[in-house]
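Coordinate inspection notes
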Amino acid sequence: MVAPSSTSKESLPSEMSKMKKFEKSLGFKFSDFSSPSRFVNLLNRPTDPALLGMVRLLFGFIMLLDIPQERGLSSIDEKYNDAQMCNFPLFDFLKPLPLEWMYVLYFSMWLCALFLMIGFCFRLSSILFAAIYWYLFFLDKTKWNNHSYLYGLHAIMFMVSDANHYWSVDGFLNPKIRNTHVPLWNYTILRFQNFLVYFFAGIKKMTPEWLRGYSMKSLSEHWVFMPFTLFLTPDQIDLFIVHYFGFFLDLTIGFFLFFDITRPYAFVFGMSFHLMNSQIFNIGMFPWAMMVTMTIFFYPDWPRKIFKILPESISSLFPEDDPIQKTNHCIYAVKHEISSEGNPLSAGDGEKSTDDSKSNQKQHIHPKYSLRHIFSTAFTIFYILLQLFLPFSHFITKGYNNWTSGLYGYSWDMMVHRWNTQHLQIMYVERDTGESGFIDPMAFARSSRRWPLHSDMVKQYALCIENRLENLGLKNVELYFDVWVSLTQRFQQRLFDPNTDIIKADWHPFRDTPWILPLQNQLANWRNTMDKITKEVHENNSLEDVTFILDFPGYHLENFIPDDLLKNRLTVLEGSVIVEIPEQEKNYTLHKGDSVKVPSGEFHIVHTVSSGPAGYMYTYLSQKKWSESTATCPRLKWYQKLPQDPQFHNPNLLETFINFLKLKYFMFSRSLTLSLGAVKSIISGQPFERILNETYEYENTHVERSVKNHARLFL
């Protein structure tokens, strides 16, 4: 037999050393996955509770700030005060409570967030917080977004964790849990979830929408990108910094945060990314929540190291650095030395043995785990598998798909698609008489946010309108929805078949919706041309604008041009149309490249007569500033916001900060006033309407109108 070379002998320890370093950076050994028992031991391994307690405290603080604002505690009266308004719950049996009880519910959630933050009655507080949060989340699909869903997931993760084992009131009152270990799986699910937010956001950006730079146009105009303007053009900033770098960061930052050598750099880039988002987008506390949860990738003892270097004068405010206590929530290894013959040795024997005898001994670990440890391991596996599956589960919940997959909110497809609803029209027809008319789309809806884009909510709204019309004496009606939207800078086109009675239309959560019209991707390559045309129009005249329309063969567009629009012209870009002007009794047949002037103050009808979809554009000139109050007019108005009034006062930095403080004070004080008023109303039997009216009178006389308007705009 040939003896191994010295090179092989030397390389073996070197490879083993590299493997140990790699396993140390991962925080586990590959052998931990070699058997179920070892895996249970790994997930229930005792871990320092300091980082988990710190993240709990900071997350609770974020929720204290978020509930009066984005959750809507300060504006419940505007949302739930009118019983005639329609709701859009995930499950139709979910109904809002009476207004005063909704205030009590929201305020209870706020108190639970406070108790979660300080770690008081932690288990009960976190359970109640999660239950209330998910009830309110399911109650209104129009408010769904990715970060609201993420907050709910964090509520569940804290609910099942031991996050009160460090720096908590519970620990102060109960020394048995004070500064005790937490099982590793508490960190595992939090780290995995935050990794998934980034990584799946990167995966979802692997689309032509994002990689070709269509998703987030014109962000380069924001002041946060000013340093990049020194060496990049605005278009290059949008493409390279916003789209390409955003894609790269989302896809990789989770990995970079995991390893010691790259974590500091990833943390700096991540903090910068979230700080920029906090200034660019109106997304509430989400950037700050992500900055807080990024620290979950640090070593669990980092808060202790920070507290050690603080001045002694304030050290009493922070936990003492006592030895960590054991807990039955974790698995502690019991080591026994085993001789080469398999006979156990006592500790005394081991101490007396020679070096040669020790080399013939092994250590066996005999873990002691209970049903709790098995259940927590099963929960961790289930949670991870569920979160891996849900973002790609749209092939099951087909009824919630439209041109994109699923309801927006749990897929981590953040900012990939941009929707622009240009027009929304609802027509009713009385079946008995054949008479028809239009319904204001906002007659029974609090806003036009998101519901016009999803067939499930359109169906809910139609059934709700039918009920409201019956109460008004209008029975046995048909309802037809004509919704025109643009997806990520495409042509404006119909989303639903305008010839389908939505009341009778079929909708099922697990079947495709047959009355959704297909997205016309064959004209998607027009987007660059449309962008050039728009820039040319704006360069010629800042008050002139353009809108691009696409319609299907056999369909027609009935359009009304307001009197304040001048120089209205329709130009065909693709296909063929017939433009009918009823009052003039004239018809114009137009093909690609043809155009015609369309009159203001009257209707015209555009019939698509080509074999395929027809694309055309309107150009127009406005005589006055666009008014948001016209946006709910049931007649078509193909125009957008025009440049801001030059007389508008742009506040300086100090004025902006003062307005910010006024806005926050108004929202938080209003939340507290009406919440306590609701409690008082329930206890005393005093009508809550009286308290509301008193609050309105005070606001009308003591609160600046601009502050109230900014609050409504913010919410």
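Residues numbered from 1 in each chain as written. Predicted model: local features only at pLDDT ≥ 70, side-chain atom pairs only at ≥ 80, totals over all residues. Heavy atoms only, no water.

Going by an unreviewed UniProt entry, the chain carries the name Vitamin K-dependent gamma-carboxylase and comes from Octopus bimaculoides. As stated in UniProt under Catalytic activity (unreviewed entry), the record for the chain gives "4-carboxy-L-glutamyl-[protein] + 2,3-epoxyphylloquinone + H2O + H(+) = phylloquinol + L-glutamyl-[protein] + CO2 + O2". (UniProt positions renumbered as here; feature names shortened; annotations may be inferred.)

Here we take up the sheet that holds strand 10 (residues 544-551). Spatial strand order, 10-17-12-15: four strands in an open sheet with antiparallel pairing. Of all strands in the sheet, those with a lone pairing partner are strand 10 and strand 15 (595-597), marking the two edges. Neighbour to neighbour, the strand axes of the sheet diverge by 20° on average, direction disregarded. Where strand 12 (residues 565-574) lies against strand 15, three bridges are found, and the strand directions are antiparallel. From the neighbouring strand, Arg569 faces strand 15, where its bridge partner is Lys597. Across the sheet, helix 20 (residues 527-540) is in contact with strand 10 and strand 17 (614-622); its angle to strand 10 comes to roughly 155°. (Pairing = 2+ DSSP bridges. Helix = DSSP H or I, 4+ residues; strand = E, 2+ residues; numbered from the N terminus. Axes fitted to C-alpha atoms, helices over the stretch in contact; angles between N-to-C directions. Contact = heavy atoms within 4.5 Å.)

Simply put, disulfide is the name for a covalent bond between the sulfur atoms of two cysteines. Inspection of the entire model under this criterion finds one disulfide. Across the disulfide from Cys86 sits Cys464; the S-S distance is 2.0 Å. Of note, the bridge from Cys86 to Cys464 carries an S-S torsion of about -90° and is left-handed in sense. Taken together, the residues Cys86 in the loop between helix 4 (76-80) and helix 5 (99-118) and Cys464 in helix 19 (residues 455-471) connect sequence positions 378 residues apart. Residue Cys86 is classed as buried on the basis of its relative accessible area of 2%. (Disulfide = S-S within 2.5 Å. Buried < 20%, exposed > 50% of the residue type's maximum accessible area, 1.4 Å probe, protein only.)

Within this numbering scheme, the UniProt entry marks residues 103-136, 148-167, 187-203, 239-259, 279-299 and 371-390 as carrying the feature "transmembrane region" (unreviewed entry). Along residues 148-167, the helical share is 60% and the strand share 0%, with 27 Å between the first and last C-alpha atoms. End C-alpha to end C-alpha, residues 187-203 measures 24 Å, and it is 100% helix and 0% strand.

This part takes up the sheet that holds strand 11 (residues 556-561). Taken in spatial order, the four strands line up as 11-16-13-14 in an open sheet, and their pairing is antiparallel. Of all strands in the sheet, those bounded by a partner on one side alone are strand 11 and strand 14 (586-590). Ignoring which end each strand starts from, the neighbouring axes of this sheet average 20° apart. In this sheet, strand 16 (residues 602-608) lies alongside strand 13 (residues 577-581) in antiparallel orientation, the contact comprising four bridges. Bridge pairing links Val577 to Thr608 in strand 16.

Together, Phe245, Phe248, Phe255, Phe256, Tyr265 and Phe269 give the surface a local cluster of nonpolar side chains, amounting to about 630 Å² of exposed area. Where the nonpolar patch is concerned, the elements lending two or more residues are helix 11 (234-258) and helix 12 (263-280). Top contributing element to the nonpolar patch by residue count: helix 11, with four residues. Note that Phe269 resides in helix 12. (Patch = residues over 30% accessible without salt bridge, like charges linked within 9 Å, V, L, I, M, F, W, Y side chains within 5 Å. Areas by Shrake-Rupley, 256 points an atom, 1.4 Å probe, with all protein chains shown as cover. Salt bridge = Lys/Arg side-chain N within 4 Å of Asp/Glu carboxyl O.)

Viewed as axis vectors pointing N to C, helix 3 (residues 50-66) and helix 13 (residues 286-294) meet at an angle of 175°, and their least axial separation amounts to 10 Å. As the angle between them shows, helix 3 and helix 13 are arranged roughly antiparallel. The segment helix 3 lies against helix 13, with Val55, Leu58, Phe59 and Ile62 engaging Trp288, Ala289 and Val292. Partitioning the contact of helix 3 with helix 13 into residue classes produces seven nonpolar, no polar and no charged. (Parallel < 35°, antiparallel > 145°, perpendicular 65-115°, else oblique. Nonpolar A, V, L, I, M, F, W, Y, C, P; charged D, E, K, R; others polar.)

This part is about the pattern of salt bridges. Under the definition given, this model contains 23 salt bridges. Notably, a salt bridge pairs Arg490 with Glu209, separated by 2.8 Å at the nearest N-O pair. Here the residue Arg490 occupies a position in the loop between strand 8 (477-487) and strand 9 (493-494), and Glu209 occupies one in helix 10 (residues 208-211), the gap between them amounting to 281 residues. When its relative accessible area of 6% is taken as the criterion, Glu209 is described as buried.

Here we take up the packing of aromatic side chains. Scanning the entire structure with this criterion turns up 46 aromatic pairs. On the basis of an interplanar angle of 75° and a centroid distance of 5.7 Å, the ring pair of Phe258 and Phe259 is categorised as edge-to-face. Judged by its relative accessible area of 31%, Phe258 falls in the partly exposed class. Relative to Phe603, the ring of Phe560 lies with its centre 5.1 Å away and its plane at 55°, an arrangement referred to as tilted. A residue pair is termed long-range when its members are at least 10 positions apart, and Phe560 in strand 11 and Phe603 in strand 16 qualify at 43 residues. The class for Phe560 is buried, based on a relative accessible area of 17%. Note on Phe603: relative accessible area 24%, which makes it partly exposed. Taken together, the ring pairs in this structure connect Phe91, Phe93, Phe129, Tyr133, Trp134, Phe137, Phe138, Trp144, Tyr149 and Trp412 into an aromatic cluster. Sitting above the plane of the Trp210 ring, Lys205 keeps its charged end 4.7 Å from the centroid. Of note, Arg527 hangs over the ring of Tyr214, and the distance from its end group to the ring centre comes to 3.9 Å. (Phe/Tyr/Trp six-rings, centres within 6.5 Å; stacked < 30°, edge-to-face > 60°. Lys NZ or Arg CZ within 6 Å of the ring centre and 35° of its normal.)

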